[in-house]
Amino acid sequence: MFGNYLIGLREGLEASLVVCILIAYLVKTDRRDRLAPVWAGIAAAVVLSMTFGAVLQYGSTQLSFEAQEALGGSLSIVAVGLVTWMVFWMRRTARHLKAELHGKLDAALAMGTFALVVTAFLAVGREGLETALFIWTAVQATSDGVRPLVGAILGLLTSVVLGWMFYRGALKINLAKFFTWTGAMLVVVAAGVLAYGVHDLQEAGWIPGLTSQAFDVSSTVPKDSWYGTLLKGVFNFQPDPTVLQVAVWAAYLVPTLFLFLRQSGGSAPRPAPVPAAAEKPAA
(Lines give C-alpha, C1' and ligand atoms only; values in the text may rest on other atoms or scores of the structure.)
Protein backbone atom coordinates (compact mmCIF):
# COMPACT_ATOMS: atom_id res chain seq x y z
CA MET A 1 0.00 0.00 0.00
CA PHE A 2 2.88 2.37 0.79
CA GLY A 3 4.43 1.86 -2.62
CA ASN A 4 1.17 2.81 -4.33
CA TYR A 5 0.75 5.77 -1.97
CA LEU A 6 4.19 6.95 -3.02
CA ILE A 7 3.28 6.61 -6.70
CA GLY A 8 0.09 8.62 -6.23
CA LEU A 9 1.89 11.27 -4.16
CA ARG A 10 4.86 11.72 -6.47
CA GLU A 11 2.95 11.67 -9.76
CA GLY A 12 0.03 13.68 -8.37
CA LEU A 13 2.29 16.35 -6.91
CA GLU A 14 3.94 16.91 -10.27
CA ALA A 15 0.53 17.47 -11.86
CA SER A 16 -0.51 19.70 -8.93
CA LEU A 17 2.58 21.86 -9.33
CA VAL A 18 1.86 22.25 -13.05
CA VAL A 19 -1.70 23.38 -12.25
CA CYS A 20 -0.42 25.78 -9.54
CA ILE A 21 2.06 27.38 -11.93
CA LEU A 22 -0.52 27.83 -14.70
CA ILE A 23 -3.23 29.26 -12.44
CA ALA A 24 -0.91 31.47 -10.40
CA TYR A 25 0.62 32.97 -13.56
CA LEU A 26 -2.77 33.98 -14.93
CA VAL A 27 -3.83 35.41 -11.57
CA LYS A 28 -0.61 37.38 -11.10
CA THR A 29 -0.76 38.81 -14.63
CA ASP A 30 -4.39 39.87 -14.08
CA ARG A 31 -5.78 37.47 -16.69
CA ARG A 32 -8.42 35.82 -14.56
CA ASP A 33 -10.80 35.85 -17.52
CA ARG A 34 -8.59 33.18 -19.15
CA LEU A 35 -8.85 30.78 -16.20
CA ALA A 36 -11.93 29.01 -17.59
CA PRO A 37 -10.14 27.56 -20.68
CA VAL A 38 -7.24 26.40 -18.51
CA TRP A 39 -9.58 24.65 -16.08
CA ALA A 40 -11.41 23.10 -19.06
CA GLY A 41 -8.12 21.66 -20.35
CA ILE A 42 -7.23 20.36 -16.88
CA ALA A 43 -10.68 18.75 -16.47
CA ALA A 44 -10.40 17.09 -19.88
CA ALA A 45 -6.98 15.68 -18.94
CA VAL A 46 -8.35 14.28 -15.67
CA VAL A 47 -11.32 12.65 -17.46
CA LEU A 48 -9.00 11.14 -20.08
CA SER A 49 -6.70 9.71 -17.40
CA MET A 50 -9.60 8.17 -15.46
CA THR A 51 -11.08 6.76 -18.66
CA PHE A 52 -7.73 5.27 -19.61
CA GLY A 53 -7.46 3.59 -16.20
CA ALA A 54 -11.04 2.25 -16.46
CA VAL A 55 -10.38 0.87 -19.95
CA LEU A 56 -7.26 -0.90 -18.69
CA GLN A 57 -9.12 -2.44 -15.77
CA TYR A 58 -12.30 -3.43 -17.60
CA GLY A 59 -10.67 -4.41 -20.87
CA SER A 60 -8.16 -6.73 -19.22
CA THR A 61 -10.92 -8.72 -17.48
CA GLN A 62 -12.43 -9.66 -20.84
CA LEU A 63 -9.27 -11.43 -22.00
CA SER A 64 -8.09 -15.00 -21.58
CA PHE A 65 -5.58 -15.77 -18.82
CA GLU A 66 -2.64 -15.85 -21.22
CA ALA A 67 -3.75 -12.60 -22.87
CA GLN A 68 -4.19 -10.93 -19.47
CA GLU A 69 -0.70 -11.95 -18.44
CA ALA A 70 0.77 -10.78 -21.74
CA LEU A 71 -1.02 -7.43 -21.49
CA GLY A 72 -0.10 -6.93 -17.84
CA GLY A 73 3.53 -7.83 -18.44
CA SER A 74 3.87 -5.63 -21.52
CA LEU A 75 2.24 -2.62 -19.85
CA SER A 76 4.37 -3.12 -16.74
CA ILE A 77 7.50 -2.80 -18.84
CA VAL A 78 6.11 0.26 -20.64
CA ALA A 79 5.14 1.83 -17.30
CA VAL A 80 8.62 1.25 -15.88
CA GLY A 81 10.14 2.88 -18.94
CA LEU A 82 7.88 5.93 -18.63
CA VAL A 83 8.46 6.33 -14.90
CA THR A 84 12.22 5.97 -15.31
CA TRP A 85 12.23 8.68 -17.96
CA MET A 86 9.98 10.84 -15.78
CA VAL A 87 12.16 10.74 -12.65
CA PHE A 88 15.30 11.60 -14.62
CA TRP A 89 13.49 14.32 -16.57
CA MET A 90 12.02 15.87 -13.44
CA ARG A 91 15.35 15.78 -11.65
CA ARG A 92 17.00 17.57 -14.58
CA THR A 93 14.34 20.17 -15.41
CA ALA A 94 12.53 20.87 -12.12
CA ARG A 95 14.42 24.15 -11.68
CA HIS A 96 13.28 25.39 -15.10
CA LEU A 97 9.73 24.03 -15.08
CA LYS A 98 8.13 27.33 -14.15
CA ALA A 99 9.85 29.28 -16.94
CA GLU A 100 9.04 26.57 -19.48
CA LEU A 101 5.34 26.55 -18.60
CA HIS A 102 5.18 30.35 -18.55
CA GLY A 103 6.61 30.44 -22.06
CA LYS A 104 4.07 27.94 -23.35
CA LEU A 105 1.25 29.80 -21.64
CA ASP A 106 2.30 33.14 -23.13
CA ALA A 107 2.30 31.59 -26.60
CA ALA A 108 -1.13 30.04 -25.99
CA LEU A 109 -2.56 33.34 -24.74
CA ALA A 110 -1.45 34.98 -27.97
CA MET A 111 -3.08 32.24 -30.08
CA GLY A 112 -6.48 32.22 -28.37
CA THR A 113 -8.86 30.21 -26.19
CA PHE A 114 -8.45 26.84 -27.90
CA ALA A 115 -4.67 27.03 -27.56
CA LEU A 116 -5.09 27.62 -23.81
CA VAL A 117 -7.27 24.52 -23.48
CA VAL A 118 -4.75 22.42 -25.42
CA THR A 119 -1.78 23.73 -23.43
CA ALA A 120 -3.38 22.92 -20.08
CA PHE A 121 -4.61 19.56 -21.40
CA LEU A 122 -1.16 18.50 -22.60
CA ALA A 123 0.63 19.78 -19.48
CA VAL A 124 -1.60 17.78 -17.13
CA GLY A 125 -2.60 14.94 -19.46
CA ARG A 126 0.88 13.52 -19.78
CA GLU A 127 1.23 13.26 -16.01
CA GLY A 128 -2.28 11.81 -15.73
CA LEU A 129 -1.75 9.06 -18.30
CA GLU A 130 1.59 8.08 -16.78
CA THR A 131 -0.03 7.99 -13.34
CA ALA A 132 -2.97 5.85 -14.49
CA LEU A 133 -0.70 3.35 -16.24
CA PHE A 134 1.82 2.99 -13.43
CA ILE A 135 -0.83 2.77 -10.71
CA TRP A 136 -2.70 0.10 -12.70
CA THR A 137 0.41 -2.01 -13.21
CA ALA A 138 1.47 -1.55 -9.57
CA VAL A 139 -1.99 -2.59 -8.34
CA GLN A 140 -1.90 -5.66 -10.56
CA ALA A 141 1.57 -6.51 -9.26
CA THR A 142 0.59 -6.49 -5.59
CA SER A 143 -2.59 -8.58 -6.03
CA ASP A 144 -3.72 -7.33 -2.64
CA GLY A 145 -7.37 -6.49 -3.17
CA VAL A 146 -8.40 -2.85 -2.96
CA ARG A 147 -5.67 -1.73 -0.55
CA PRO A 148 -3.15 -0.79 -3.29
CA LEU A 149 -5.83 1.30 -5.01
CA VAL A 150 -6.74 2.94 -1.71
CA GLY A 151 -3.07 3.76 -1.16
CA ALA A 152 -2.79 5.32 -4.62
CA ILE A 153 -5.96 7.40 -4.10
CA LEU A 154 -4.71 8.61 -0.72
CA GLY A 155 -1.43 9.61 -2.36
CA LEU A 156 -3.27 11.56 -5.05
CA LEU A 157 -5.48 13.29 -2.47
CA THR A 158 -2.40 14.22 -0.44
CA SER A 159 -0.79 15.69 -3.56
CA VAL A 160 -3.90 17.81 -4.21
CA VAL A 161 -3.83 19.17 -0.65
CA LEU A 162 -0.10 19.91 -0.91
CA GLY A 163 -0.63 21.62 -4.26
CA TRP A 164 -3.33 23.83 -2.78
CA MET A 165 -1.07 24.69 0.18
CA PHE A 166 1.74 25.59 -2.21
CA TYR A 167 -0.62 27.87 -4.10
CA ARG A 168 -1.80 29.60 -0.95
CA GLY A 169 1.76 30.02 0.28
CA ALA A 170 1.06 27.97 3.41
CA LEU A 171 3.74 25.36 2.72
CA LYS A 172 7.35 25.61 1.62
CA ILE A 173 9.54 22.53 1.19
CA ASN A 174 12.78 21.82 -0.62
CA LEU A 175 11.33 20.47 -3.86
CA ALA A 176 14.75 19.41 -5.15
CA LYS A 177 15.24 17.11 -2.15
CA PHE A 178 11.65 15.89 -2.33
CA PHE A 179 11.89 14.86 -5.97
CA THR A 180 15.34 13.32 -5.45
CA TRP A 181 14.41 11.00 -2.61
CA THR A 182 10.93 10.11 -3.87
CA GLY A 183 12.48 9.52 -7.28
CA ALA A 184 14.98 7.11 -5.77
CA MET A 185 12.20 5.25 -3.95
CA LEU A 186 10.17 5.12 -7.17
CA VAL A 187 13.12 3.48 -8.92
CA VAL A 188 13.01 0.73 -6.27
CA VAL A 189 9.25 0.33 -6.74
CA ALA A 190 9.70 0.27 -10.53
CA ALA A 191 12.27 -2.51 -10.23
CA GLY A 192 9.65 -4.65 -8.49
CA VAL A 193 7.03 -3.81 -11.13
CA LEU A 194 9.53 -4.75 -13.86
CA ALA A 195 10.22 -8.11 -12.23
CA TYR A 196 6.47 -8.69 -11.93
CA GLY A 197 6.05 -7.84 -15.61
CA VAL A 198 8.70 -10.36 -16.58
CA HIS A 199 6.90 -13.03 -14.52
CA ASP A 200 3.64 -12.19 -16.29
CA LEU A 201 5.29 -12.63 -19.68
CA GLN A 202 6.72 -15.95 -18.51
CA GLU A 203 3.26 -17.11 -17.48
CA ALA A 204 1.93 -15.99 -20.87
CA GLY A 205 4.56 -18.16 -22.56
CA TRP A 206 6.29 -15.20 -24.20
CA ILE A 207 9.51 -15.63 -22.21
CA PRO A 208 11.01 -18.96 -21.04
CA GLY A 209 12.24 -19.82 -17.56
CA LEU A 210 9.00 -19.97 -15.56
CA THR A 211 10.08 -23.14 -13.74
CA SER A 212 13.64 -21.98 -13.02
CA GLN A 213 13.40 -20.55 -9.50
CA ALA A 214 16.22 -18.45 -8.09
CA PHE A 215 15.17 -19.23 -4.51
CA ASP A 216 12.08 -20.00 -2.46
CA VAL A 217 11.66 -18.46 1.00
CA SER A 218 7.90 -18.96 1.15
CA SER A 219 8.22 -20.89 4.40
CA THR A 220 10.17 -18.02 5.98
CA VAL A 221 8.22 -15.17 4.40
CA PRO A 222 4.68 -16.48 3.75
CA LYS A 223 2.74 -14.46 1.21
CA ASP A 224 -0.23 -14.17 3.55
CA SER A 225 1.80 -13.00 6.57
CA TRP A 226 1.76 -9.35 7.62
CA TYR A 227 5.43 -8.90 6.79
CA GLY A 228 5.06 -10.77 3.50
CA THR A 229 2.15 -8.47 2.62
CA LEU A 230 4.21 -5.44 3.66
CA LEU A 231 7.19 -6.46 1.51
CA LYS A 232 4.86 -7.18 -1.39
CA GLY A 233 3.06 -3.86 -1.06
CA VAL A 234 6.19 -1.72 -0.72
CA PHE A 235 8.78 -3.51 -2.88
CA ASN A 236 6.66 -5.98 -4.91
CA PHE A 237 8.74 -8.67 -3.19
CA GLN A 238 8.07 -12.24 -4.34
CA PRO A 239 9.33 -15.08 -2.09
CA ASP A 240 9.76 -17.51 -5.01
CA PRO A 241 11.02 -15.53 -8.03
CA THR A 242 12.46 -17.02 -11.17
CA VAL A 243 16.12 -16.63 -12.08
CA LEU A 244 15.20 -14.22 -14.87
CA GLN A 245 13.13 -12.05 -12.52
CA VAL A 246 16.04 -11.64 -10.12
CA ALA A 247 18.46 -10.95 -12.97
CA VAL A 248 16.20 -8.32 -14.55
CA TRP A 249 15.47 -6.72 -11.16
CA ALA A 250 19.19 -6.35 -10.37
CA ALA A 251 20.12 -5.30 -13.92
CA TYR A 252 17.60 -2.47 -13.75
CA LEU A 253 17.88 -1.36 -10.12
CA VAL A 254 21.64 -1.14 -9.62
CA PRO A 255 22.66 0.96 -12.66
CA THR A 256 19.49 3.07 -12.68
CA LEU A 257 19.74 3.99 -9.00
CA PHE A 258 23.46 4.66 -9.37
CA LEU A 259 22.98 6.98 -12.34
CA PHE A 260 20.05 8.76 -10.70
CA LEU A 261 21.91 9.42 -7.44
CA ARG A 262 25.09 10.39 -9.30
CA GLN A 263 23.11 12.92 -11.30
CA SER A 264 21.82 14.21 -7.96
CA GLY A 265 25.37 14.63 -6.71
CA GLY A 266 25.30 11.46 -4.60
CA SER A 267 24.21 13.45 -1.58
CA ALA A 268 21.54 15.85 -0.50
CA PRO A 269 20.98 18.19 -3.46
CA ARG A 270 21.21 21.93 -3.28
CA PRO A 271 17.97 23.71 -2.34
CA ALA A 272 15.69 24.75 -5.17
CA PRO A 273 13.30 27.65 -4.89
CA VAL A 274 9.61 26.85 -4.54
CA PRO A 275 7.79 27.76 -7.78
CA ALA A 276 5.92 31.05 -7.99
CA ALA A 277 2.73 29.01 -7.69
CA ALA A 278 3.61 28.56 -4.04
CA GLU A 279 3.35 32.28 -3.42
CA LYS A 280 0.09 33.74 -2.30
CA PRO A 281 -1.61 35.30 -5.31
CA ALA A 282 -2.26 39.00 -5.38
CA ALA A 283 -5.73 40.02 -4.23
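None of these values were measured; they are calculated from a predicted model.

Within the secondary structure, Gln68 sits in helix α3 (residues 65-93). Judged by relative accessible area, Gln68 falls into the partly exposed class, the value being 31%. Along the sequence, Gln68 and Glu203 sit 135 residues apart, while their C-alpha atoms lie 9.9 Å from each other.

On to the nonpolar core, then. Val87, Phe134, Leu186 and Tyr252 are the most contacted members of the largest nonpolar core, which totals 26 residues. Of all the secondary structure elements, the ones that give two or more residues to this core are α1 (2-28), α3, α5 (113-142), α7 (175-203) and α9 (243-263). In terms of residue count, α7 provides more of this core than any other element does, 8 residues in total. Those residues in contact with Leu186, other than ones at most four positions away along the chain, are Leu6, Ile7, Arg10, Glu11, Val83, Met86, Val87 and Phe134. Listed in part, the 24 residues of the second largest apolar core include Leu26, Val38, Leu116 and Ala123.

Turning our eyes to something else, we now look at a nonpolar patch on the surface. Taken together, the side chains of Leu149, Val150, Ile153, Leu154 and Leu157 make up a nonpolar region of the molecular surface, amounting to roughly 410 Å² of accessible area. Residue placement: Leu157 occurs in helix α6 (residues 147-168).

What follows is about the packing of aromatic side chains. Tallied over the entire structure, the rule returns 1 aromatic pair. Here Phe88 and Phe260 contribute two aromatic rings whose centre-to-centre distance is 5.5 Å and whose plane-to-plane angle is 90 degrees, an arrangement assigned as edge-to-face. Taken together, the residues span a long stretch of sequence, with Phe88 in helix α3 and Phe260 in helix α9 at a distance of 172 residues. The residues Phe88 and Phe260 share a single accessibility class, namely buried.

Within the secondary structure, Pro208 sits in the loop between α7 and α8 (226-235). On the accessibility criterion, Pro208 (66% relative accessible area) is exposed. Separated by 10 residues in sequence, Pro208 and Val198 place their C-alpha atoms 10.0 Å apart. Residues contacting Pro208, with those up to four places away along its chain left out, are Gln202 and Leu244.

Procedures and definitions
Residues numbered from 1 in each chain as written. Predicted model: local features only at pLDDT ≥ 70, side-chain atom pairs only at ≥ 80, totals over all residues. Heavy atoms only, no water. Helix = DSSP H or I, 4+ residues; strand = E, 2+ residues; numbered from the N terminus. Buried < 20%, exposed > 50% of the residue type's maximum accessible area, 1.4 Å probe, protein only. Core = buried A, V, L, I, M, F, W, Y, C linked by side-chain atoms within 4.5 Å. Contact = heavy atoms within 4.5 Å. Patch = residues over 30% accessible without salt bridge, like charges linked within 9 Å, V, L, I, M, F, W, Y side chains within 5 Å. Areas by Shrake-Rupley, 256 points an atom, 1.4 Å probe, with all protein chains shown as cover. Salt bridge = Lys/Arg side-chain N within 4 Å of Asp/Glu carboxyl O. Phe/Tyr/Trp six-rings, centres within 6.5 Å; stacked < 30°, edge-to-face > 60°.

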